[in-house]
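# Coordinate inspection notes
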Amino acid sequence: MKKIYLICALSFGLHMQAQEAKMAKGVAQYNDLAYVDATQTYLKVANKGYKSKELFQKLGDSYYFNANLKEANKWYAELFNLNEPVEYEYYYRYSQTLKAIEDYKKSDQILDKFHELSVNDIRGNLYNQQKDYKKIIDANSGRYEIKTTGINTSQSDYGTAFFGDKVVFSTSRDSTGVVKIQTKWTNQAFTNFYVSDRTDDNDLANPKRFSKVINSKFHEDTPVFTKDLKTVYFTRNNFTDGKVGKDDKQIINLKLYKAVLKDGKWENVVELPFNNDSYSVAHPALSPDEKTLYFASNMPGTNGQSDIFRVSILGDNQYSKPENLSGGINTEARETFPFITKDNELYFASDGHQGLGGLDVFITKIKSDGTIGKIVNLGAPINGPMDDFAFIIDNTTRKGYFSSNRAGGKGRDDIYSFIENKPLILDCESELTGIVTDKETGNILPESLVSLFDEKFNLISKMTADDRAAYKFMVSCGKKYYVRAEKIDYDTNEQTVIIPELETKKYVPLAITKKIKEIKTGTDLAKTLNIKMIYFDLDKFNIRRDAQADLAKIVEIMKEYPTMRVDVRSHTDSRQTNAYNDRLSNARAKSTIAWLVKNGIQKERLSGKGYGESQLVNRCADGVDCSEEEHQMNRRSEFIILRM
């Protein structure tokens, strides 16, 4: 047995060494961005039962960064099943893959944990501020008719751009040389530009190579053309004049290039001056006036994996300093593939804003001052559980194209056409209305002053309530406001109002309390002074510190009216026995009277007793199941004026 044990141990040791060697190979491939090769290595190790946090992280990442979110979900689940501490970023990645399998409930649970672990993360805060994101997306859905286009292949086809009555797109269906050159990232050919006809039914047909001058042996994708079709900006690997540029890790990053059309041929391919060997710049988009160029990059100053930037086009291949787009667009994840319409609407893809899974397409309005408006998810069927991106639309026809790696396609990425049947309302307005009333009598109070403030208490507007005491403000959906009612001889009342997304009307009544109140024989000073109850500790009758401020109000009123006599009445709820409640309420009434006497009120001006549970104000008698709030209504103190 001992010999067998030693042989088994030796065999196991060799097995472990072999797995560790394979792991080292996988890590090397991973770090070299050869994700497909690394995946195969990791799979062999995992399928032999080898488990570790690093293995499942790398295996999950290999699929995640290749947009295979369903497979990534399998391995991230294994990672979390280890119950070992992981970087909070893995909570976000895991949540994204859970959306890919449409388990939105668990995804939200993981996002809750992600937000807890990373309170300053933009993505977590966006989620926490809009936990009803799925409801909002559902409300935006169903506005498009989509269909696959006829140019898709078993490879990658994506990234369309309008080119007159044609469309230019990127494809990995071939390469420029005799031998196909492949990228280690996907084991597919590098992409080139093809041009296709647009058919009457918005399909794409007759794809042909675009330009030998622009197409190289490396990647080209996502072009944008000027309106006269004589200038193109496009993305390419760092490859200029036949030379390859690499960063200090020997990675060939992406850069933006420009070319011009002369005598029917593209020429003068130049690199834009804000490129850099150390980071990527990609996916250009032009403003309607063609004076601003938008793009995605991971250059210094980026919030996450990639942000959207813009530069001013100054002419003669001169540009302003790149500006990171503000206004809440960029997160710690990917914001990419911008597209600008003639109406200055910015469409972009993101997996940092809350969506249905992977990259989703969002829209916002670029205002005249350059600031960004509300950011809205386009909803299904444009967006789904996988990556949806590279959205372009003709605002006149409401037709366009987008790219996706969704299930049911021909290749890794496919191009889909769409028709938008119903535009999305970006600037949702809601009607905030209500009436102003007297809190005690319920009577309406015309001519009350009503003011509206934003969430930082900046005054937005004010108005006088009409003859029906009604007020109305137009406000933006999805925002927080404060509304305040004021009137002479009344205390001011201010309420917080949160306008839900897509809610076009919000009713908020405002009840204010009269400062000067009539008192007479029979008046309950507790109601007049808004004293709900005098608090005592459980089963005790000594006056608590927090009750003394309310009793001090009674003292001041009785000093103001020196002939006033008051009867103090203490009441309990129905819990405990009748006898116990009688004794406790009597003791509390006496304790209250004693405090008033101690603080300057003559004893002969006061009387009182406890009524126990004999005068309940609601249904909560013995044996009746009531809430704590209902019981509290019966635990009250009354100060009844017997004589003025």
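Values in this document were obtained by computation on a predicted structure and should not be read as measured data.

So, on to the overall build of the protein. A count of helical and extended segments in the protein gives twelve helices and 34 strands. Of all 644 residues assigned to the protein, the portion counted as buried reaches 50%.

What follows deals with the packing of helix H6 (residues 104-117) against helix H7 (residues 122-129). Their axes nearest at 9 Å, the elements H6 and H7 cross at an angle of 125°. As far as their axial angle goes, H7 and H6 are oblique. Crossing hand, H6 versus H7: left-handed. Between H6, through Asp-108, Leu-111, Asp-112, Phe-114 and His-115, and H7, the contact on the second element is made entirely by Arg-123, Gly-124, Asn-125, Tyr-127 and Asn-128. The residue makeup of the contact of H6 with H7, split by class, is three nonpolar, four polar and three charged.

Once that is clear, we can look at the sheet that holds strand E11 (residues 265-271). The strand order across the open sheet formed by four strands is E6-E7-E10-E11, and the pairing between neighbours is antiparallel. Of all the strands in the sheet, the pair left with one neighbour each is strand E6 (220-225) and E11. When strand polarity is set aside, the average angle formed by the axes of neighbouring strands in this sheet is 30°.

One turn of an α-helix holds 3.6 residues; hence residues three or four places apart share an orientation. Between its terminal C-alpha atoms H6 stretches 20 Å, which fits the 20 Å expected from 14 residues at 1.5 Å a residue. Residues of H6 that are buried include every one of Tyr-104, Ser-107, Asp-108, Ile-110, Leu-111, Phe-114 and His-115, and no others. Take H6 and look down its axis: the buried residues cluster within an arc of 165°, on one side only. Turned more than 90 degrees away from the buried face of H6, the exposed residues are Lys-105 and Glu-116.

Taken together, four strands build an open sheet; the order of strands is E1-E23-E22-E21 and the sheet is antiparallel. Each edge of the open sheet carries a strand with a single partner, namely strand E1 (144-148) and strand E21 (388-394). Each strand axis lies, on average, 25° off the axis of its neighbour in the sheet, ignoring direction.

It is characteristic of soluble globular proteins that their nonpolar side chains tend to be buried jointly. One finds Leu-55, Leu-59, Trp-75, Tyr-76, Leu-79, Phe-80 and Tyr-94 to be the most contacted residues of the largest nonpolar core, which totals 33 residues. Going through the elements one at a time, helix H2 (35-47), helix H3 (53-64), helix H4 (69-81), helix H5 (89-100), H6 and helix H8 (133-140) are the ones with two or more residues in this core. Here this core gets seven residues from one element, more than from any other, and that element is H4. With residues up to four places along the chain from it excluded, the contact list for Tyr-76 reads Phe-56, Gln-57, Gly-60, Asp-61, Tyr-64, Tyr-90, Arg-93, Tyr-94 and Thr-97. Counting 23 residues, the second-largest nonpolar core is a separate cluster that includes Val-167, Val-361, Tyr-416 and Leu-426.

Counting buried positions along strand E34 (residues 637-643) yields five of seven residues, so the element is predominantly enclosed. Relative to E34, strand E32 (residues 565-570) runs antiparallel, the two sharing six bridges. Note on E34: the bridge partner recorded for Ser-570 is Ser-637.

Right, let's get into the packing of aromatic side chains. Tallied over the full model, the rule gives 36 aromatic pairs. Considering the side-chain rings of Phe-190 and Phe-218, the 5.3 Å spacing of their centres and the 70° angle between planes classify their relative orientation as edge-to-face. Of this pair, Phe-190 sits in the loop between strand E3 (166-171) and strand E4 (192-198) while Phe-218 is found in the loop between strand E5 (204-209) and E6, placing the two residues 28 residues apart along the sequence. The two residues Phe-190 and Phe-218 agree in class, both being buried. With centroids separated by 5.9 Å and ring planes inclined at 10°, the aromatic side chains of Phe-295 and Phe-309 adopt a geometry described as stacked. Of the two residues, Phe-295 is situated in strand E13 (residues 292-297) and Phe-309 in strand E14 (residues 307-315); the sequence distance between them amounts to 14 residues.

Attention now goes to the pattern of salt bridges. Following the criterion strictly, the structure yields 25 salt bridges and no others. Across the pair Arg-123 and Asp-121 runs a salt bridge, and its minimum N-O distance is 2.9 Å. Of the two residues examined, Arg-123 and Asp-121, each falls in the buried class. Across the pair Asp-277 and Lys-255 runs a salt bridge whose closest N-O atoms are separated by 2.8 Å. Taken together, the positions of Asp-277 in the loop between E11 and strand E12 (281-286) and Lys-255 in strand E10 (residues 254-262) put the pair 22 residues apart, joining distant regions of the chain. According to the relative accessible area criterion, Lys-255 is buried, its value standing at 4%.

Cis geometry marks the peptide bond from Ala-380 to Pro-381; its omega dihedral reads 5°. By the secondary structure assignment, Pro-381 is in the loop between strand E20 (376-377) and E21. A positive phi is found at Asn-268, a non-glycine position, where the angle reads about 55°. Of note, the phi angle at Arg-398 is positive, near 60°, even though the residue is not glycine. Position of Arg-398 relative to the elements: it lies in the loop between E21 and strand E22 (399-404).

The next subject is H7. Along H7, the residues classified as buried are Arg-123, Gly-124 and Tyr-127. For H7, the arc enclosing every buried residue in end-on projection is 100°, short of the 170-degree limit, so these residues lie on one face. Here H7 starts with a cap whose side-chain oxygen sits 2.8 Å from the backbone nitrogen of Arg-123, and that cap is Asp-121.

In this section: the state of the cysteines. Taken as a whole and assessed by the stated rule, the structure comprises one disulfide. Here Cys-620 connects covalently by a disulfide to Cys-626, the sulfurs 2.2 Å from one another. Handedness of the Cys-620-Cys-626 disulfide follows from its S-S torsion of about -105°: it is left-handed. By the burial criterion, Cys-620 is buried, and Cys-626 matches it.

Turning our eyes to something else, we now look at the confidence of the model for the protein. Residues at a pLDDT of 70 or more form 89% of the protein, whose mean pLDDT is 86. The secondary-structure element of the protein with the lowest mean pLDDT is helix H1 (residues 2-31), recorded at 35, while strand E23 (residues 414-420) shows the highest, at 98. Here residues 1-36 scores under 50 on pLDDT; set against residues more than four positions off or in separate chains, the count is 49 contacts.

Criteria and cut-off values
Throughout, a residue's number is its position along its own chain's written sequence, starting from 1. Local features in this predicted model are restricted to residues whose pLDDT is 70 or higher, and side-chain atom pairs enter the listing and the counts only when it is 80 or higher, whereas totals over whole chains, interfaces and linings include all residues. Side-chain numbers come from the whole structure's heavy atoms, not from hydrogens or water. Runs of H or I in DSSP of at least four residues are treated as helices and runs of E of at least two as strands, each being numbered from the N terminus. Only protein chains enter the calculation, and the probe is 1.4 Å; a residue is then buried if its accessible area is under 20% of its type maximum, exposed if over 50%, and partly exposed in between. Only the stretch in contact is used when fitting a helix axis, every axis being a line fitted to C-alpha atoms; angles between N-to-C directions are given from 0 to 180 degrees. Working definition: roughly parallel below 35 degrees, roughly antiparallel above 145 degrees, roughly perpendicular at 65 to 115 degrees, and oblique for all remaining angles. Handedness of a crossing follows from how the near helix is turned relative to the far one, being left-handed for an anticlockwise turn of less than a right angle and right-handed for a clockwise one. Contacts were defined at the residue level, with two residues in contact if any of their heavy atoms lie within 4.5 Å. Under the scheme applied here, ten amino acids are nonpolar (Ala, Val, Leu, Ile, Met, Phe, Trp, Tyr, Cys and Pro), four are charged (Asp, Glu, Lys and Arg), and all others, including Gly, are polar. Strands were regarded as paired on the criterion that DSSP finds at least two bridges between them. Helix span is expected to be 1.5 Å times the residue number reduced by one. Each direction from the helix axis to a C-beta atom contributes to the arc, which is the arc of those directions. The term nonpolar core refers to a set of buried residues drawn from Ala, Val, Leu, Ile, Met, Phe, Trp, Tyr and Cys, joined through side-chain atoms within 4.5 Å. Stacked, tilted and edge-to-face pairs are distinguished by plane angle, under 30 degrees for stacked and over 60 for edge-to-face with tilted covering the rest, among Phe, Tyr and Trp rings (Trp via its six-membered ring) whose centres lie within 6.5 Å. Take a side-chain nitrogen of Lys or Arg and a carboxyl oxygen of Asp or Glu: if they are within 4 Å of each other, that pair is a salt bridge. Under this definition, polar contacts are N or O atom pairs within 3.5 Å; protein pairs additionally need one hydrogen-donor-capable and one acceptor-capable atom, and for neighbouring residues in sequence, both atoms have to be side-chain atoms. In this description, a disulfide is simply a cysteine sulfur pair whose atoms lie within 2.5 Å. What pLDDT conveys is the predictor's confidence in a given residue, as a value from 0 to 100.

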